[in-house]
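# Geometric and topological summary
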Amino acid sequence: MEKLLRINMSAEGGPAVSVIPVGEYAGLGGRALTSAVVSKEVPPLAHPLGEDNKLVIAPGMLSGTIAAMSGRCSVGAKSPLTGGIKESNSGGQASQVLARLGYAAIILEGKPGENDLYKVFVNKDGVKVTRDNSLKMLGNYDLVEKMKGEHGDKIACVSIGPAGEMKMCAASVAFTDMELRPTRHAGRGGLGAVMGSKGVKVIVLDDTGTSHCAPKDPDKFKAANKTFVDGLRKHPVTGEGLPSFGTNILANVINEAGAYPTHNFLWGRFVGTSKISGETEAELEKARGGNPTHGCHRGCVIRCSGIFHDKDGHYLTKQPEYETVWAHGANCGIDNIDEIAMLDRLDDDYGLDTIEMGATIGVAMEAGIARFGDGQAAINLIREVGKGSALGRILGNGAAMTGRAFGVERVPVVKNQALPAYDPRAIQGIGVTYATSTMGADHTAGYAVATNILKVGGYVDPLKPEGQIELSRNLQIATAAIDSTGMCLFIAFAVMDQPETFQALLDLLSAFYGVNMTGDDVTALGKKVLTWEREFNAQAGLTKAQDRLPEFFRKELLPPHNVTFQVSDADLDKVFDW
Amino acid sequence: MTESNLAVPGAAGRLCLTVPADRVPCFFPLLQKGFVLGVPVGCPIRVLLRDGLGLTDEYIETRLQTVFLDGKPVDDIDGAFIRDGETLALAPAMPGLMGAMLRRGGFYAPMRSGITHRDDDNAAPRWIGEGRITMKLFGMALRELGPKLLERGIEVGAGDLSEVIRELPGDCREGLGDLEGLEGQARVTLRVTIAQEGKGTRD
Ligand code: SF4
């Protein structure tokens, strides 16, 4: 991964391609690289859809190697949704393929003068950018089929659907999975709209004739990978719970904790949870000939994903994951898993973030546009987005926009981005992360490695209120680092509980780069990334005033525990004091 | 788990079914939503799990790492007492930060301190003896404990049971006869005999 592919979409005479050495960004990957490029090269006050914004697609530091779980790909830019820096990452095949082609990142720059759409094709022989307006308004599924027809089935695609072309703030960037279906998405923050503003519909990657990225110390690397995989397989979460039930195994327990946002964050429990839980979903998938245990990319040994078939046993979509099932399910009062799966399919096809769209429909239901629990109405609303009707344009720009358009007060967003599936009144610690994350409300921002292993910030006294601030800070640091490696965050449990598995991760990095990486180095990387992001956001105009949860979380009691969010603003402002 | 049959006092109707092993998961939504069991109450949760359900300490330690009492995450199953009428939910370790926060005694437990079960929530049990609790099973606990509890007999809402039975595949419903009578009952004790092969029957 020694080169960068820059494509200037504003160049005279059409897009100009330059392949240059990675230079000052050497040794960075994933989120570290996307945030480095955006913070150094994008003027913070640039319009997110303007020519000065850049879309950066970067495989993780270990992507393209034989290391298990290393295929997450980061996408970064200034976000049209939050107005700040954004990194959103995705599974799928592209990260491995891009890394094997030798690219540390693809950077889309500028903006085409005409309203044309382009296809980018990258293989070992070079890069070709072609104007192709026949792709206009194709859904991701049809688009990928067309690419298969043109380039065969040994490709990986990174694409946008109609939502990205319409530059909607909920638009995602789609990544194809092992079956060459556009089911994986860098969903958060409207990065699909940035790709749409660059006029790029699809990037087709073909790594035929390339080989795995070679580590500096192959023997150490191989041994570390074996220890790492053994650790993942033996842990009950990564070796058993996630493969058996997927991420939606969380639905029942979050519901039991009274933290499962229901009817647009009105309640913390949903009466229909057992009908849409991961346990029920997995049994249904097995009964219909689908598969509840499936990887989103080659090299995943946890395999939290799955294949969802309709009632007739035909493929409909990938197994809708926890956030999606919650957003389109409990949050909208819908307890029909087939309707939720259809919403997931439509989101993937139009290229929409499922969390943002579920939250948006919840707000629309609150406004009386549809009835809570009416799955068919929710499907119709998503179709409006795909068509780009006036209503669809409002919805496709997210929950905050929809709340403003329809005068709704209870709008669950931070920095305009919809909250994920955990109510911060019941679980206060997650509220700290939602409020202060550089990314807007983001559950993955503080999702990862144990601070007691990394020893970031020393021992935290759990009995003190400021403990929550410390924990959130440390988690955000650790997550920023893990997001840079290309590792799936679901390694967290095994890494957290088993010191030898964490050491194996460090050994993988050390053996690949020929350095001696320690926990302190990982911490330093995470802090560096967060510092770049915070500085960019400050210059973009995001201040402490935006590091807050919406007012209703402090005012409205959340049943069944009847709690409000209690962490003070002064404490929230301490998160980044290090 | 012990093979003893704990009656479910107070349940109105009674339904005994024989279903093939591969159809047992059809009943799992009932176990997730909550079912009533007759168990010893007024004792610590661990005692209930060990003496009431026959689980070993090793199983409890390694497989039941997420425990809720009346919706509150429990950190200390030796210090938390269960009382008549309460709801106990059992699950293994769960993924993600949220799973880490909910895990009993976990490092991230402070992040959900606002809803944590505290000793003073029920420190002084008023009564020790047999009682009725609602139990919920999630994740692998559902697969591991669910079939045995179904065999032993659980009390569920008749409406919920009818819904599950309506959704059973046709071959499984064969022989169950007319279940309309269930609709008239508020609660039903369900006992499932797991047949190694063959069709479902109603005893
Ligand atoms: S664990 Fe799940 S999200 Fe992570 S790489 Fe595997 S399938 Fe993808």
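Since we're looking at a predicted model, the values are computed, not measured. (Residues numbered from 1 in each chain as written. Chains lettered and ligands numbered in written order. Predicted model: local features only at pLDDT ≥ 70, side-chain atom pairs only at ≥ 80, totals over all residues. Heavy atoms only, no water.)

### Notes on the site of the ligand
Residues and elements named next belong to chain A. Lining the immediate environment of the ligand, one finds 13 residues, of which Cys296, His297, Cys300, Cys304 and Cys488 sit closest. For the ligand, the cavity whose grid points lie within 2 Å of the majority of its atoms is the largest cavity. Across the shell around the ligand, the residue classes tally to seven nonpolar, four polar and two charged. (Near = heavy atom within 4 Å. 1 Å grid on protein atoms, 1.4 Å probe; cavity = no way out; pocket = protein on both sides within 12 Å on 5 of 7 lines; lining within 4 Å. Sits in = over half its atoms within 2 Å of the grid points. Nonpolar A, V, L, I, M, F, W, Y, C, P; charged D, E, K, R; others polar.)

### A short note on the packing of helix α6 (residues 218-234) of chain A against helix α7 (residues 236-245) of chain A
Residue and element names in this part refer to chain A. One way to put it is that α6 packs onto α7 with a least axis distance of 4 Å and a crossing angle of 55 degrees. Compared by their axis directions, α6 and α7 come out oblique. Taken together, the residues of α7 that come into contact with α6 (itself represented by Gly231, Leu232, Arg233 and Lys234) are Pro236, Thr238 and Gly239. Residue composition of the contact of α6 with α7, grouped by class: two nonpolar, three polar and two charged. (Axes fitted to C-alpha atoms, helices over the stretch in contact; angles between N-to-C directions. Helix = DSSP H or I, 4+ residues; strand = E, 2+ residues; numbered from the N terminus. Parallel < 35°, antiparallel > 145°, perpendicular 65-115°, else oblique. Contact = heavy atoms within 4.5 Å.)

### Remarks on the sheet that holds strand β13 (residues 291-294) of chain A
Neighbouring strands of a sheet are bound in pairs by backbone hydrogen bonds; such pairs are parallel or else antiparallel. Residue and element names in this part refer to chain A. Across the sheet, three strands lie side by side as β13-β14-β15; this open sheet has antiparallel pairing. Two strands close off the open sheet at either side, each with one partner strand: β13 and β15 (315-318). The mean inter-strand angle of the sheet, taken between neighbouring strand axes irrespective of direction, is 25 degrees. As paired strands, strand β14 (residues 305-309) and β15 are joined by three bridges and run antiparallel to one another. (Pairing = 2+ DSSP bridges.)

### Comments concerning the pairing of β14(A)
Residues and elements named next belong to chain A. With five of five residues buried, β14 is to be regarded as a mostly interior element. In β14, alternate side chains face the same way, and those of Ser305, Ile307 and His309 on one face and Gly306 and Phe308 on the other are all buried. By the bridge criterion, two bridges tie β13 to β14 in an arrangement that is antiparallel. In the sheet register, Asn291 faces β14, and the bridge partner there is Ile307. Counted between consecutive antiparallel strands, the loop separating β14 from β15 contains five residues, among which Gly313 sits at a positive phi close to 85 degrees. (Buried < 20%, exposed > 50% of the residue type's maximum accessible area, 1.4 Å probe, protein only.)

### So, the sheet that holds strand β4 (residues 73-78) of chain A
Residue and element names in this part refer to chain A. With mixed pairing, the six strands of this open sheet are ordered in space as β2-β1-β6-β3-β4-β5. Strands with a single pairing partner mark the edges of an open sheet, and in this sheet they are β2 (16-21) and β5 (85-90). Within this sheet the neighbouring strands show an average axis-to-axis angle of 15 degrees, counted without direction. By the bridge criterion, four bridges tie strand β3 (residues 55-59) to β4 in an arrangement that is antiparallel. Among the inter-strand pairings, Ala58 is bridged to a residue of β4, identified as Ser74. In the packing of helix α1 (residues 30-41) onto the sheet, the strands contacted are β1 (3-8), β3, β4, β5 and β6 (103-109), and the crossing angle to β4 comes to about 20 degrees.

### Here we look at the domain arrangement of chain A
Residue and element names in this part refer to chain A. Split by domain assignment, chain A resolves into domain 1 (3-206), domain 2 (248-253 + 260-418) and domain 3 (428-572). Each partner contributes to the interface: domain 1 provides 36 residues, whereas domain 3 provides 26 residues. Summed over both partners, the interface of domain 1 with domain 3 comes to about 2,600 Å²; 65% of that surface belongs to carbon and sulfur atoms. Area buried by domain 1 at its contact with domain 3 is led by Arg31, Met61 and Leu62, which between them contribute 29% of it. If you look at where domain 1 meets domain 3, you find one salt bridge. Taking the shortest distance from any N to any O, the salt bridge between Glu533 and Arg31 comes out at 2.8 Å. Connecting domain 1 to domain 3 are 12 residue pairs in polar contact (both at pLDDT 80 or more). Residue assignment for the side of domain 1 that touches domain 3 shows that the elements contributing at least two residues are α1, β4 and β5. A per-element tally of the side of domain 1 that touches domain 3 places α1 first, with eight residues. (Domains from an automatic or database assignment. Buried area = accessible area lost by both parts, 1.4 Å probe. Salt bridge = Lys/Arg side-chain N within 4 Å of Asp/Glu carboxyl O. Polar contact = N/O pair within 3.5 Å; in protein donor to acceptor, adjacent residues only side chain to side chain.)

### Quick notes on the nonpolar core
Among the nonpolar cores identified, the biggest contains 148 residues, and Met69(A), Phe228(A), Val253(A), Ile254(A), Tyr260(A), Ile427(A) and Met487(A) are the most heavily contacted of them. No other element matches helix α21 (residues 499-513) of chain A, which puts eight residues into this core. Not counting residues within four places of it along the chain, the set of residues in contact with Tyr260(A) comprises Ala251(A), Ile254(A), Asn255(A), Trp267(A), Gly268(A), Arg269(A), Phe270(A), Thr273(A), Ile276(A), Tyr322(A), Trp326(A) and Ala330(A). Listed in part, the 47 residues of the second largest apolar core include Val19(B), Val24(B), Leu88(B) and Ile154(B). (Core = buried A, V, L, I, M, F, W, Y, C linked by side-chain atoms within 4.5 Å.)

### What to know about empty space enclosed by the protein
All names here are of chain A. The full count for this structure, using the stated rule, is two cavities of 30 Å³ or more. Put simply, the largest cavity is a space of about 930 Å³. As for the largest cavity, its lining consists of 47 residues, of which Arg72, Asn89, His185, Glu321 and Phe490 are closest to the centre. Looking at the lining of the largest cavity, the elements with two or more residues in it are β5, β11 (184-186), α11 (322-328), α12 (337-350) and α13 (354-366). Among the elements that line the lining of the largest cavity, the one with the most residues is β5, at four residues. Within the lining of the largest cavity, the residues separate by chemical class into 15 nonpolar, 18 polar and 14 charged. (Points joined across faces, edges and corners; volume = space filled by probe spheres on them.)

### A few points about the pattern of salt bridges
Residues and elements named next belong to chain B. If you walk through the whole model with that rule in mind, you get 50 salt bridges over all chains. Here Glu61 and Arg104 are joined by a salt bridge, their closest N and O atoms 3.8 Å apart. Of the two residues, Glu61 is situated in helix α3 (residues 57-63) and Arg104 in the loop between α4 (96-102) and β8 (129-137); the sequence distance between them amounts to 43 residues. Residue Glu61 is classed as partly exposed on the basis of its relative accessible area, which comes to 35%.

### Here's the deal with helix α22 (residues 519-539) of chain A
All names here are of chain A. For α22, built from 21 residues, the straight-helix expectation of 30 Å at 1.5 Å per residue is met to within 8% by its first-to-last C-alpha distance of 31 Å. Among the residues of α22, Gly519, Val522, Thr523, Leu525, Gly526, Val529, Leu530, Trp532, Glu533, Phe536 and Asn537 are the ones counted as buried. Immediately beyond the C-terminal end of α22, within one or two residues, lies Gly541, with a positive phi of roughly 100 degrees. (Expected span 1.5 Å × (residues − 1).)

### Some words on the environment of Val19(A)
All names here are of chain A. Examined against the element boundaries, Val19 turns out to sit in strand β2. Judged by its relative accessible area of 43%, Val19 falls in the partly exposed class. Expressed as a C-alpha distance, the spacing of Val19 and Ala377, which sit 358 residues apart in the sequence, is 48 Å. Excluding residues within four positions of it along the chain, Val19 makes contact with Lys3, Leu4, Leu5 and Tyr103.

### Observations regarding the layout of surface pockets
Approximately 1,000 Å³ is the volume found for the largest pocket. Lining the largest pocket are 32 residues, and of these Thr280(A), Leu284(A), Cys26(B), Pro29(B) and Glu167(B) sit closest to its centre. For the lining of the largest pocket, the secondary-structure elements that each account for two or more residues are α9 (273-276), α10 (278-287) and α12 of chain A together with α1 (28-33) and α6 (158-167) of chain B. The dominant element in the lining of the largest pocket, judged by the number of residues it contributes, is α10(A), at six residues. Taken together, the residues of the lining of the largest pocket sort by class into 13 nonpolar, five polar and 14 charged.

### Brief notes about the interface of chain A and chain B
Tallying the contact residues gives 44 residues for chain A and 40 residues for chain B. Its salt-bridge partner being Glu256(A), residue Lys136(B) comes within 2.8 Å of it at the nearest N-O pair. Connecting chain A to chain B are eight residue pairs in polar contact (both at pLDDT 80 or more). At the level of secondary structure, the elements contributing two or more residues to the side of chain A that touches chain B comprise α7, α8 (250-256), α9, α10, α17 (428-436), α18 (451-454), α19 (466-485) and α20 (492-497) of chain A. Across the side of chain A that touches chain B, the residue classes tally to 23 nonpolar, 13 polar and eight charged.

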